[in-house]
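Remarks on the overall topology
Next come the chains, spelled out residue by residue.
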Amino acid sequence: MRVVELVDVSKIYKTEFYEVKALENVNLEIEEGDFAVIMGPSGSGKSTLLNLIGCLDKPTSGKVLINGIETINLSDKELTELRRDTIGFIFQTYNLIPTLSALENVELPMIFKGISKYERERRAKKLLGIVGLEREMDRKPNELSGGQQQRVAIARALANDPKILLCDEPTGNLDTKSGEQVMDIIKEQNEERGVTVILVTHDPTLAKYGNFIIRLRDGKIEGIEGG
Amino acid sequence: MYLELARRNLQRAKVRSLLAVIGILIGVMAVSAIGIFGESLKATVLENFEDVANELIVGPNYYAGYRYVDEKDVNQIEKLPYVKSAIPVKSDTLLVESKKLKAYLQIYGLSEKDAEELFDAEKGVIRLKGSCVVGKNLADTGDIKVNSKITINGREFRVAGILEDTGARFDINPNTAVIISQDDFSKISDKGYTMVIVKADRLDHVDNVKKAIEERLNSREDKVYVFELSIILERINEAFAQINTFLMAIASISLLVAGVSILNIMLMSTIERTKEIGVMRAIGAYRVTILKIFLLEAVILGIIGSSIGSVLSLAGGYAIDYIILQNVKYVFQPGTLFYLILGFSVGLTTAVVSGLYPAWRASRLEPIEALRFE
């Protein structure tokens, strides 16, 4: 099944004085279970592409289909539900809620979905177990290392059992060892649970995790390797 | 959980939250304490009028050519239903002379029984047989003592008693007057009954008594006018309600300031937490969820500030009553509860209204913009 499809997608940022073409006529198809690595230099449009797939932003023209659903005409509420139920986000800066414990951070997307306290606690503990942090579940983000925070963020991203995992430079702020741990967990989710992973990076060493690599330059797909 | 999240967010900026709570607390305290004081002030003033509230004054209708209320009419009034007593009063302005005083003063002719019902003696006794009683002010200015002698219209009277200061009254004002018996009165003045003080058996029968008197006495022509003293009570009530509203409006300025400070604090908070809002929106929070979280923070600040403020306003009301009225018995009357609830509600409303804009603003943030915020 095709979980992500971009048809002739352009994104243009307009200011009073100039126009920036962040993406230009991008066509892309990602199938369920793929591990796609998007690479390219700064300003090539990687993050813009990820934001469009993540339904955080809308294209200037073209179509974005997520899980077969055309997103352009969806209301804010429908987009929110699509993000909540289908997509898991992993950010470079982890973006955990500082007032919540690791367990509560993992519970948060389930709270937004209205899952019962018992069920979400059970699930959050299980997910923290998967990322190897069951003993740290009561700690606040500032009591965790960068690698641990990112692993909590992965558990949070998996909370509502998403089809797609969007990772924006997930190892960008981590040392090599922690980075590898994080990538191993993501890869495991892809291989064992069939979660589609779309990963944005400019670190060439991460390319090995993907089954294909999309190279972006100046808002255009320069080439697709593998797949 | 949202409540817990809101609570922790407030805890994150402890000093700031504390300041917001203090702001609301002071505002609520000012409004409630002043309300309590106003209510006590009203109760204190009304206390002086309570015993005259069931009174009606019946006087001759001068415009229809009547100078006095005649004996027959007084008897008729006495027999009406709901009438507890009818006290006919004669009065005239006559020359009073004592050792130190020579003045034209108000002289009332009353029966001894009625005089005893209306007044209390501070010195001596109320005895009107061949003697008189004088008002407190008159006794002080004229240096009149019990057993001293005064002449009224050339006739000599021994002073049997000096009356207590009665304060302001609306029927008879004895403080600067002399009271003699009706027999003696008819010997020195030819005037008849200038008024009848009628007391209804209960306050809620005053209207019935008024109607009955008018029907009985004014059936053919308007011989008498009837004036209810309870009208004065109503006027006092109205006046105090206005004064109280005004005082509380001034006090509520402090709540307005508190509201602005909450607005400011919460706006700062939304700006600081922009990225967090973006993250929550990205992982599945609706706009209304964000609105709820921020409004809950305002509600928590409002509830804490208003609760403490309400409790402290009791102490505040007590202190103001003690300092200004030197009387704290009205602090714990039922009306106080109304002002505590009012203060609490106004405080909470202020907090929620102030939190509304920042919460709305937070909920309107686009997730992508919010996530980019550093």
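1. A closer look at the overall build of chain B
Helices and strands together make up the secondary structure of chain B, namely 12 helices and 10 strands. Relative to its length of 374 residues, chain B is extended, with a C-alpha radius of gyration of 33 Å against a globular reference of 21 Å. Here chain B holds 374 residues, and the buried ones make up 53% of them. Looking at chain B alone, contacts between residues at least 24 apart form 78% of all its contacts between residues at least 6 apart. For chain B, the accessible surface area stands at approximately 18,100 Å², while carbon and sulfur atoms represent 58% of it. Computing the positive centroid from 43 side-chain charges and the negative centroid from 44, chain B places the two 6 Å apart.

2. Topic: the overall build of chain A
Within chain A one finds 6 helices and 10 strands. Seen through its C-alpha atoms, chain A measures out along the principal axes to roughly 50 × 40 × 40 Å. Relative to its full complement of 227 residues, chain A shows a buried share of 55%. For chain A, contacts bridging at least 24 residues in sequence account for 70% of all contacts bridging at least 6. Surface exposure of chain A reaches about 9,900 Å², of which carbon and sulfur atoms provide 45%. In chain A, 30 side chains carry a positive charge and 36 a negative one; their mean positions are 3 Å apart.

3. Focus on the sheet that holds strand 2 (residues 19-31) of chain A
All names here are of chain A. Judged by pairing direction, the sheet is antiparallel, and its 4 strands sit side by side in the order 2-1-4-5 without closing on themselves. Here the strands that pair on one side only, and so sit at the sheet edges, are strand 2 and strand 5 (69-70). With 5 bridges connecting them, strand 1 (residues 2-14) and strand 4 (residues 61-66) associate as antiparallel partners. Its bridge partner lying in strand 4, Ser10 is registered against Ser61. Its contacts with the sheet place helix 1 (residues 46-53) against strand 1, strand 2 and strand 4, and it is angled at close to 125° to strand 1.

4. Structural notes on the domain arrangement of chain B
Domain annotation for chain B reports domain 1 (2-48 + 234-371) and domain 2 (52-228). For domain 1 of chain B and domain 2 of chain B, the distance between their C-alpha centres works out to 55 Å.

5. Some points on the pairing of strand 7 (residues 164-168) of chain A
Residue and element names in this part refer to chain A. Of all 5 residues that make up strand 7, 4 are buried, and the element is covered over most of its length. Across 4 bridges, the pairing between strand 6 (residues 87-90) and strand 7 is parallel. Looking at the pairing, Gly88 lines up with Leu165 of strand 7. With 5 bridges connecting them, strand 7 and strand 8 (residues 196-201) associate as parallel partners. Residue pairing in the sheet places Leu165 in a bridge with Val197 of strand 8. With helix 6 (residues 176-193) bridging strand 7 and its parallel neighbour strand 8, the resulting β-α-β unit is right-handed.

6. Overview of the sheet that holds strand 8 of chain A
Residues and elements named next belong to chain A. Taking strand neighbours across the sheet as the criterion, the 6 strands line up as 6-7-8-3-9-10 in an open arrangement whose pairing is mixed. One side of each edge strand has no neighbouring strand; the edge strands of this open sheet are strand 6 and strand 10 (220-226). Along the sheet, successive strands turn relative to each other by an average axial angle of 20°, direction set aside. Bridge analysis of strand 3 (residues 35-39) against strand 8 gives 5 bridges, and the strand direction is parallel.

7. Let's talk about the pairing of strand 8 of chain A
Within strand 8 of chain A, 6 of the 6 residues are buried, which leaves it mostly tucked inside the rest of the structure. Residues A:Thr196, A:Ile198 and A:Val200 point to one face of strand 8 of chain A and A:Val197, A:Leu199 and A:Thr201 to the other, with burial holding for every one of them.

8. Comments concerning the pattern of salt bridges
The final tally for this structure, using the stated rule, is 38 salt bridges over all chains. Across the pair B:Arg281 and A:Asp76 runs a salt bridge, and its minimum N-O distance is 2.8 Å. Residue B:Arg281 is located in helix 9 (residues 274-282), and its partner A:Asp76 is located in helix 2 (residues 76-86); the two belong to separate chains. Here B:Arg281 falls in the buried class, since its relative accessible area comes to 0%. The class of A:Asp76 is partly exposed, set by a relative accessible area of 24%.

9. Considerations on helix 7 (residues 206-217) of chain B
Residue and element names in this part refer to chain B. Its 12 residues give helix 7 an end-to-end C-alpha distance of 16 Å, which sits within 8% of 16 Å, the value for a rise of 1.5 Å per residue. Within the sequence span of helix 7, burial applies to Val206, Val209, Ala212, Ile213 and Leu217. Buried residues of helix 7, viewed axially, fall in a sector of 125°; they line one side. Projecting away from the buried face of helix 7 at angles above 90 degrees are the exposed residues Lys211 and Glu215. Where helix 7 is buried, its residues contact strand 1 (55-60), helix 3 (71-79), strand 2 (83-97), strand 9 (193-200), strand 10 (224-228) and helix 8 (230-272).

10. Points about the interface of chain A and chain B
Of the residues lining the interface, 27 residues belong to chain A; the matching set on chain B comes to 22 residues. Buried surface at the junction of chain A and chain B, summed over both partners, amounts to about 2,300 Å²; 64% is from carbon and sulfur atoms. Interface area lost by chain A to chain B is led by A:Leu56, A:Thr99 and A:Phe112, which between them contribute 27%. Across the contact surface, chain A and chain B share 3 salt bridges. Where A:Asp76 meets B:Arg287, a salt bridge forms, and the shortest distance between an N and an O atom there is 3.3 Å. Run the count over chain A and chain B and you get 10 residue pairs in polar contact (both at pLDDT 80 or more). Counting only elements with at least two residues in the side of chain A that touches chain B, the list comes to helix 2 and helix 3 (102-113) of chain A.

11. A short note on the layout of surface pockets
Reported here for the largest pocket is a volume of approximately 340 Å³. Contributing to the lining of the largest pocket are 18 residues, with A:Asn51, A:Phe91, A:Asn95, A:Asp168 and B:Leu371 lying nearest its centre. Of all the secondary-structure elements, those providing two or more residues to the lining of the largest pocket are helix 1, strand 6 and strand 7 of chain A together with helix 12 (367-372) of chain B. Within the lining of the largest pocket, the residues separate by chemical class into 9 nonpolar, 5 polar and 4 charged. Estimates place the volume of the second largest pocket at around 280 Å³.

12. Section: the packing of helix 3 of chain B against helix 7 of chain B
Residue and element names in this part refer to chain B. Two numbers describe how helix 3 lies on helix 7: the axes approach to 10 Å, and their chain directions differ by 140°. One element, helix 3, and the other, helix 7, form an angle in the oblique class. With respect to the hand of their crossing, helix 3 and helix 7 are arranged in right-handed fashion. Contacts between helix 3 and helix 7 pair Asp73, Gln76 and Ile77 from the former with Ile213, Arg216 and Leu217 from the latter.

13. Digging into the nonpolar core
Counting residues in hydrophobic clusters, the biggest one holds 41 residues, and the most contacted among them are A:Leu108, A:Phe112, B:Ile24, B:Ile262, B:Met280, B:Ile290 and B:Phe294. Of all the secondary structure elements, the ones that give two or more residues to this core are helix 3 of chain A together with helix 1 (2-12), helix 2 (14-49), helix 8, helix 9, helix 10 (287-325) and helix 11 (334-364) of chain B. With sequence-adjacent residues up to four places away left out, B:Phe294 is seen in contact with B:Met266, B:Ser269, B:Thr270, B:Arg273, B:Ile277, B:Ala359 and B:Ala362.

Conventions and cut-offs
Residues numbered from 1 in each chain as written. Chains lettered and ligands numbered in written order. Predicted model: local features only at pLDDT ≥ 70, side-chain atom pairs only at ≥ 80, totals over all residues. Heavy atoms only, no water. Helix = DSSP H or I, 4+ residues; strand = E, 2+ residues; numbered from the N terminus. Rg over C-alpha atoms; globule rule 2.2 N^0.38 Å. Buried < 20%, exposed > 50% of the residue type's maximum accessible area, 1.4 Å probe, protein only. Contact = heavy atoms within 4.5 Å. Areas by Shrake-Rupley, 256 points an atom, 1.4 Å probe, with all protein chains shown as cover. Lys, Arg positive; Asp, Glu negative; His and termini not counted. Charge placed at Lys NZ, Arg CZ, Asp CG, Glu CD. Pairing = 2+ DSSP bridges. Axes fitted to C-alpha atoms, helices over the stretch in contact; angles between N-to-C directions. Domains from an automatic or database assignment. Right-handed = clockwise from strand over helix to strand, strands pointing away. Salt bridge = Lys/Arg side-chain N within 4 Å of Asp/Glu carboxyl O. Expected span 1.5 Å × (residues − 1). Arc of directions from axis to C-beta. Buried area = accessible area lost by both parts, 1.4 Å probe. Polar contact = N/O pair within 3.5 Å; in protein donor to acceptor, adjacent residues only side chain to side chain. 1 Å grid on protein atoms, 1.4 Å probe; cavity = no way out; pocket = protein on both sides within 12 Å on 5 of 7 lines; lining within 4 Å. Points joined across faces, edges and corners; volume = space filled by probe spheres on them. Nonpolar A, V, L, I, M, F, W, Y, C, P; charged D, E, K, R; others polar. Parallel < 35°, antiparallel > 145°, perpendicular 65-115°, else oblique. Left-handed = near helix turned anticlockwise from the far one by under 90°. Core = buried A, V, L, I, M, F, W, Y, C linked by side-chain atoms within 4.5 Å.

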